[in-house]
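One letter stands for each residue in the lines below.
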Amino acid sequence: MSIASGTRGRHLTRRLVQLYAGLTLYGISSALLVLAGLGLEPWGVLHQGLAERTGLTIGVVSIVVGAVVLLLWIPIRQRPGLGTVSNVFVIGLAMDGTLALVPEIHGLPARIALLALGIVLNGVATGLYIAARFGPGPRDGLMTGLHRLTGRSIRLTRTLIEIAVVTTGFLLGGSVGVGTVLYALSIGPLAQFFLRFFAVPEATAGAAPETTADAAPGATAVGAPDATPGPGAVDAAVAPASPEGAILRR
């Protein structure tokens, strides 16, 4: 998928709003996990560890890591979409903006509430930007690219990469805790629910649907014309080896 190819078809305005709302909300939710201080999502652990060592903000580190991971797409022949490039910058900026505006939270009950809110909002954000069908994020694209290159299963590829990411981040000083475990257990079901909820009908009667070349790699082909897809429609349309499938099976 080229960067421009996803910017065609019906519901373009809605899809763009979903994309950038989802990426912004993802950055906000990741910042809430940082403020909760009870453990971060796997890549967040790495970002926080690098931020501790470099003196950069966690948002800037997220942008740098995203750009480096995107460069790794070149040898594995992955093609970015608009959502891929936007992912690199929007999430990091939203994280730093949230951390600058929201005061430090004290007290365990408040931190637990913040953790729960961050995880749920992260699921909402994931459903929003995946359903927009503008391409996977750099990290998910790396995992599916390695899956295609090595022939290993998505689940194994994702597990090995995230173990390496969490371990490296922890050794650098990133926060691993109950929040990390809760995130790992809940993000798949949450993302699946909200992906169904925010799914965008792909075509209408008399209008040509987007071709495979116009959609994100493994994009969600959802529903009948002008209809909201049923619970099984999104699942059936999400290819097992796609970035979307990788997220849904976390």
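This one's a predicted model, so the numbers in the text were calculated from it and none came from an experiment.

## Focus on the packing of helix α3 (residues 58-71) against helix α6 (residues 138-150)
Here is step 1 of the chain: Running from N to C, α3 and α6 cross one another at 30 degrees; their axes reach a closest spacing of 9 Å. Judged by the inter-axis angle, α3 sits roughly parallel to α6. Crossing angle aside, the handedness with which α3 passes α6 is left-handed. Touching Ser62, Val65, Gly66, Val69 and Leu70 of α3 are Pro138, Arg139 and Leu142, all from α6.
Here is step 2 of the chain: Considered class by class, the residues forming the contact of α3 with α6 number five nonpolar, two polar and one charged.

## Some words on helix α1 (residues 12-36)
Here is step 1 of the chain: Between its first and last C-alpha, α1 extends 36 Å over 25 residues, near the 36 Å set by a 1.5 Å rise per residue.
Here is step 2 of the chain: Where α1 terminates, the next one or two residues include Gly37, which has phi positive at roughly 65 degrees.

## Concerning the packing of helix α2 (residues 42-54) against helix α7 (residues 154-172)
Two packed helices can be described by the angle between their axes and the distance between those axes.
Here is step 1 of the chain: Running from N to C, α2 and α7 point in directions that differ by 30 degrees, and their axes come no closer than 7 Å. On the basis of their axis angle, the class for α2 and α7 is roughly parallel. For α2 against α7, the interelement crossing comes out left-handed. Contact residues: Pro42, Trp43, Val45, Leu46, Gly49, Leu50, Glu52 and Arg53 in α2; Ile161, Glu162, Val165, Val166, Thr168, Gly169, Phe170, Leu171 and Leu172 in α7.
Here is step 2 of the chain: Along the lines of polarity and charge, the residues of the contact of α2 with α7 split into 11 nonpolar, three polar and three charged.

## Notes on the nonpolar core
Here is step 1 of the chain: With 45 residues, the main nonpolar core has Leu19 and Trp43 as its most contacted residues.
Here is step 2 of the chain: Contributions of two or more residues to this core are made by α1, α2, α3, α4 (82-101), α5 (108-131), α6, α7 and α8 (178-198).

## Things to note about the pattern of salt bridges
Here is step 1 of the chain: Per the counting criterion, the structure on display carries two salt bridges.
Here is step 2 of the chain: Taking the shortest distance from any N to any O, the salt bridge between Asp140 and Arg158 comes out at 3.0 Å. Taken together, the residues span a long stretch of sequence, with Asp140 in helix α6 and Arg158 in helix α7 at a distance of 18 residues.
Here is step 3 of the chain: A residue is classified by how much of its surface remains accessible, and Asp140, at 6% relative accessible area, is buried.
Here is step 4 of the chain: Looking at Arg158, the relative accessible area reads 5%, which means it is buried.
Here is step 5 of the chain: The structure contains a network of salt bridges with shared partners spanning Asp140, Arg158 and Glu162.

The rules we used
Residues numbered from 1 in each chain as written. Predicted model: local features only at pLDDT ≥ 70, side-chain atom pairs only at ≥ 80, totals over all residues. Heavy atoms only, no water. Axes fitted to C-alpha atoms, helices over the stretch in contact; angles between N-to-C directions. Helix = DSSP H or I, 4+ residues; strand = E, 2+ residues; numbered from the N terminus. Parallel < 35°, antiparallel > 145°, perpendicular 65-115°, else oblique. Left-handed = near helix turned anticlockwise from the far one by under 90°. Contact = heavy atoms within 4.5 Å. Nonpolar A, V, L, I, M, F, W, Y, C, P; charged D, E, K, R; others polar. Expected span 1.5 Å × (residues − 1). Core = buried A, V, L, I, M, F, W, Y, C linked by side-chain atoms within 4.5 Å. Buried < 20%, exposed > 50% of the residue type's maximum accessible area, 1.4 Å probe, protein only. Salt bridge = Lys/Arg side-chain N within 4 Å of Asp/Glu carboxyl O.

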